[in-house]
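# Structural overview for review
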Amino acid sequence: MQVALVGLGVMGKNLALNLVEQGMTLVAYDKNPDAGAELLSCAQSLGIAERLHIVSDLADMVKRLDTPRSVLLLVPAGELVDKVCQDLIEAGVEKGDIIVDCGNSNYKDGIARKLKYQNKFEFATMGISGGAEGARHGPAMMASGSEGGWERLIPWFEKVAATHNGESCFARVGQSASGHFVKMVHNGIEYALMQLIAEMYQLLRIGTGRTPAQVAEVFKEWSEGQLNSYLLAISSHILSLENEKNEPIVDLIDNKVGAKGTGLWTAQNALELGIAVPSLVAAVQARHLTNTIDTPAAKEMTYANRDTNSVELDLSELRDAFYFASLLCYRQGLALIKGASRSHQWKVDLDKTLQTWRAGCIIRADYLDDIAKGVEFIDTLQGPANALRKVAGQAIQSGLAFPVLTSTQTYIATLSTPSNGHLVQAQRDYFGEHGIKTHSGESCHLTDLTEIAAKVR
């Protein structure tokens, strides 16, 4: 099998080595010749260079490929993707060829490109998770679009991807650019889980006075059981690290958190689609709050330091609360994917989506099996649900910030306890005559239900 790869940065180089090691013949290009030389050197040291061809221009790359051609793009999202696509057209790609955007592109760009290039070549998308390590040894791969073009690639990518219990973590999850949407939501869930773990750490560290090393032991114990996950495991490792002066490494790191945009896209698209994912949105806002000092609103958002309160926690309840909140973060993401799939008619398969997340990716966790059981399973978890209520209340009493923990409790409470929406409906109709809907389904106004002599002014 022949495939071409454009873009030999960290992800591209590692994916290239993975592809060649799995038996594919790879023609690789990067505008930086040093990147190609570095890749070739790595392949030579591994004894797999005979299946790798580094080219100096796209025209040469296209000529070397048998038709129909398969070209993977791992270039920065945005205008560069379109530039490379146009360059490939000029280099000679044809209508039967498939070009797969494997970067972190916005799914809306993918939809537009599929239409834009439909008479030039087959445009498809694939989200890849797992970082450089995953790309090298087996990532999670969420593909979409072009049924015909994928037929020749699927058997190979099933080998390239990570595996879980003998099953590949590659799947064509749906139509159009759904692969990039799924990867975007994957990253939104990633934001939420990272923030949730950080909140557990904060509660244990400041709320109960534990050292980072002691919190690391708590997380390690959790990771050895039902809560085993990549993010929890790395958090435990990070918290155990000290320098030569026996200072915790985390205490040497600034609190400002960066972001590359996929979390923000998740929040924006959820709002556009009208699908509530409060835990995911809260995680994005939590990162923004760490950077307020650098914003134009810094002076207006600077307040005096306040004391915090100690709390007494039952570690088993804290563990159960973390487990339940984690499940709900995933379920919010899956609801967003399903809602977008209905809206765009993508026919996304959630079982396949979850399969891609079981290994190789950042949000892999043993409890994905529980998430796959659906809402009905979550409804049976009365003990963990009560633990989340109790821990969220204790957390607030500490005076510390817990945006994801409290948003998650609010999410499940809103959907499983009496709502207050009837009063908000009445308020909107009172001042704006927006209308109300009664329990019987009737649409009307307050004045249809009762006589109001004079409104408050």
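Residues numbered from 1 in each chain as written. Predicted model: local features only at pLDDT ≥ 70, side-chain atom pairs only at ≥ 80, totals over all residues. Heavy atoms only, no water.

## A word on the overall build of the protein
Scanning the protein from N- to C-terminus turns up 21 helices and twelve strands. For the protein, the C-alpha radius of gyration of 25 Å lies close to 23 Å, the compact-globule estimate for 457 residues. Dimensions along the principal axes, computed over C-alpha positions, put the protein at roughly 80 × 65 × 45 Å. Restricting to contacts in the protein with at least 6 residues of sequence separation, those with at least 24 account for 72%. Total accessible area computed for the protein in this model is approximately 22,300 Å², and 50% of it derives from carbon and sulfur atoms. Placing the 42 positive and 52 negative side-chain charges of the protein at their respective mean positions leaves the two points 3 Å apart. (Helix = DSSP H or I, 4+ residues; strand = E, 2+ residues; numbered from the N terminus. Rg over C-alpha atoms; globule rule 2.2 N^0.38 Å. Contact = heavy atoms within 4.5 Å. Areas by Shrake-Rupley, 256 points an atom, 1.4 Å probe, with all protein chains shown as cover. Lys, Arg positive; Asp, Glu negative; His and termini not counted. Charge placed at Lys NZ, Arg CZ, Asp CG, Glu CD.)

## Comments concerning the domain arrangement of the protein
Domain annotation for the protein reports domain 1 (2-175), domain 2 (186-416) and domain 3 (420-456). Each of domain 1 and domain 3 has a C-alpha centre, and the two are 56 Å apart. (Domains from an automatic or database assignment.)

## What about the environment of threonine 290?
In this fold, threonine 290 is placed in the loop between helix 13 (278-289) and helix 14 (315-344). Placed 45 residues apart in sequence, threonine 290 and alanine 335 show a C-alpha to C-alpha distance of 28 Å. If we skip the residues at most four places from it in the chain, threonine 290 touches Asn255, Lys256 and Val257. Separated by 3.1 Å, the side chains of threonine 290 and asparagine 291 make a polar contact. (Polar contact = N/O pair within 3.5 Å; in protein donor to acceptor, adjacent residues only side chain to side chain.)

## Quick word on empty space enclosed by the protein
Unoccupied space between atoms shows up once a probe the size of one water molecule is rolled over them. Per the stated rule, a full pass over the model turns up two cavities of 30 Å³ or more. For the largest cavity, the calculated volume is near 50 Å³. Lining the largest cavity are 13 residues, with Leu193, Ser229, Leu231, Leu232 and Tyr367 sitting closest to its centre. In terms of residue class, the lining of the largest cavity is made up of eleven nonpolar, one polar and one charged. Approximately 40 Å³ is the volume found for the second largest cavity. Along the walls of the second largest cavity sit Gly103, Asn104, Ser105, His180, Lys183, Met184, Thr262 and Trp265, which together make up its complete lining. At the level of secondary structure, the elements contributing two or more residues to the lining of the second largest cavity comprise helix 9 (178-207) and helix 12 (262-273). Ranked by the residues each element gives to the lining of the second largest cavity, the list is headed by helix 9, at three residues. Residues of the lining of the second largest cavity, tallied by class, amount to two nonpolar, five polar and one charged. (1 Å grid on protein atoms, 1.4 Å probe; cavity = no way out; pocket = protein on both sides within 12 Å on 5 of 7 lines; lining within 4 Å. Points joined across faces, edges and corners; volume = space filled by probe spheres on them. Nonpolar A, V, L, I, M, F, W, Y, C, P; charged D, E, K, R; others polar.)

## Here we look at the pattern of salt bridges
In the structure shown here, the tally under the stated rule is 16 salt bridges. Here arginine 358 ties to aspartate 369 by a salt bridge, and the two come within 2.3 Å at their closest N and O atoms. Pair noted here: arginine 358 is in the loop between helix 15 (350-356) and helix 16 (368-372) and aspartate 369 is in helix 16, with a separation of eleven residues, a long-range link. Of the residues examined, arginine 358 reaches a relative accessible area of 15% and is grouped as buried. For aspartate 369, a relative accessible area of 41% corresponds to the partly exposed category. Each of Asp82, Asp101, Arg113 and Lys116 takes part in a single network of salt bridges with overlapping partners. (Salt bridge = Lys/Arg side-chain N within 4 Å of Asp/Glu carboxyl O. Buried < 20%, exposed > 50% of the residue type's maximum accessible area, 1.4 Å probe, protein only.)

## Details of the nonpolar core
Ranked by size, the top nonpolar core spans 79 residues in total, and within it Phe181, Phe219, Trp222, Tyr330, Trp357 and Leu405 carry the most contacts. When we break this core down by domain, the ones giving at least three residues each are domain 1 (2-175) and domain 2 (186-416). Contacts of tyrosine 330, omitting those with residues within four sequence positions, involve Ile189, Leu193, Trp357, Ile363, Ala365, Tyr367, Leu368 and Ile371. If you look at the next biggest cluster of nonpolar residues, it comprises 35 residues, including Ala124, Phe157, Ala161 and Phe170. (Core = buried A, V, L, I, M, F, W, Y, C linked by side-chain atoms within 4.5 Å.)

## Some remarks on the sheet that holds strand 2 (residues 25-29)
Read across the sheet, eight strands follow the order 3-2-1-4-5-6-7-10 without closing on themselves; strand pairing throughout is mixed. A strand with exactly one partner marks an edge of an open sheet, and here the two such strands are strand 3 (52-54) and strand 10 (170-174). Going from strand to strand, the sheet's axes swing by 25° on average, the running direction of each strand aside. In the sheet, strand 5 (residues 98-101) pairs with strand 6 (residues 122-129) via four bridges, with the strands oriented parallel. Residue pairing across strands places aspartate 101 opposite threonine 125, the latter belonging to strand 6. Lying over the sheet, helix 9 contacts strand 5, strand 6, strand 7 (140-144) and strand 10, oriented at roughly 20° with respect to strand 6. (Pairing = 2+ DSSP bridges. Axes fitted to C-alpha atoms, helices over the stretch in contact; angles between N-to-C directions.)

## Details of unusual backbone geometry
Residue proline 68 is bonded to the preceding threonine 67 through a cis peptide linkage, with omega at -5°. One non-glycine residue, lysine 347, lies in positive phi territory at about 60°. You can see lysine 347 is positioned in the loop between helix 14 and helix 15.

## So, the side chain of serine 70
Along the chain, serine 70 turns up in strand 4 (residues 70-73). Only 3.0 Å separates the side chain of serine 70 from the side chain of arginine 152, close enough to count as a polar contact. Setting aside its immediate chain neighbours within four residues, serine 70 contacts Met1, Gln2, Val3, Ala4, Leu65, Ile98, Arg152 and Leu153.

## Quick look at a nonpolar patch on the surface
Residues Leu289, Met301 and Tyr303 make up a contiguous nonpolar surface patch of about 360 Å² in total accessible area. The topology assignment puts methionine 301 in the loop between helix 13 and helix 14. Classification of methionine 301 by relative accessible area gives partly exposed; the value is 38%. (Patch = residues over 30% accessible without salt bridge, like charges linked within 9 Å, V, L, I, M, F, W, Y side chains within 5 Å.)

## Observations regarding the UniProt feature "active site" (unreviewed entry) in the protein
On the UniProt side, "active site" (unreviewed entry) is annotated at positions that read Lys183 and Glu190 here. From the list above, the second largest cavity is lined by Lys183. You can see lysine 183 is positioned in helix 9. Apart from the residues lying within four places of it in its own chain, the contact partners of lysine 183 are Asn104, Gly127, Ile128, Ser129 and Met142. One polar contact links lysine 183 to asparagine 104, side chain to side chain, over a distance of 3.1 Å. Examined against the element boundaries, glutamate 190 turns out to sit in helix 9. Given a relative accessible area of 15%, glutamate 190 falls into the buried group. (UniProt positions renumbered as here; feature names shortened; annotations may be inferred.)

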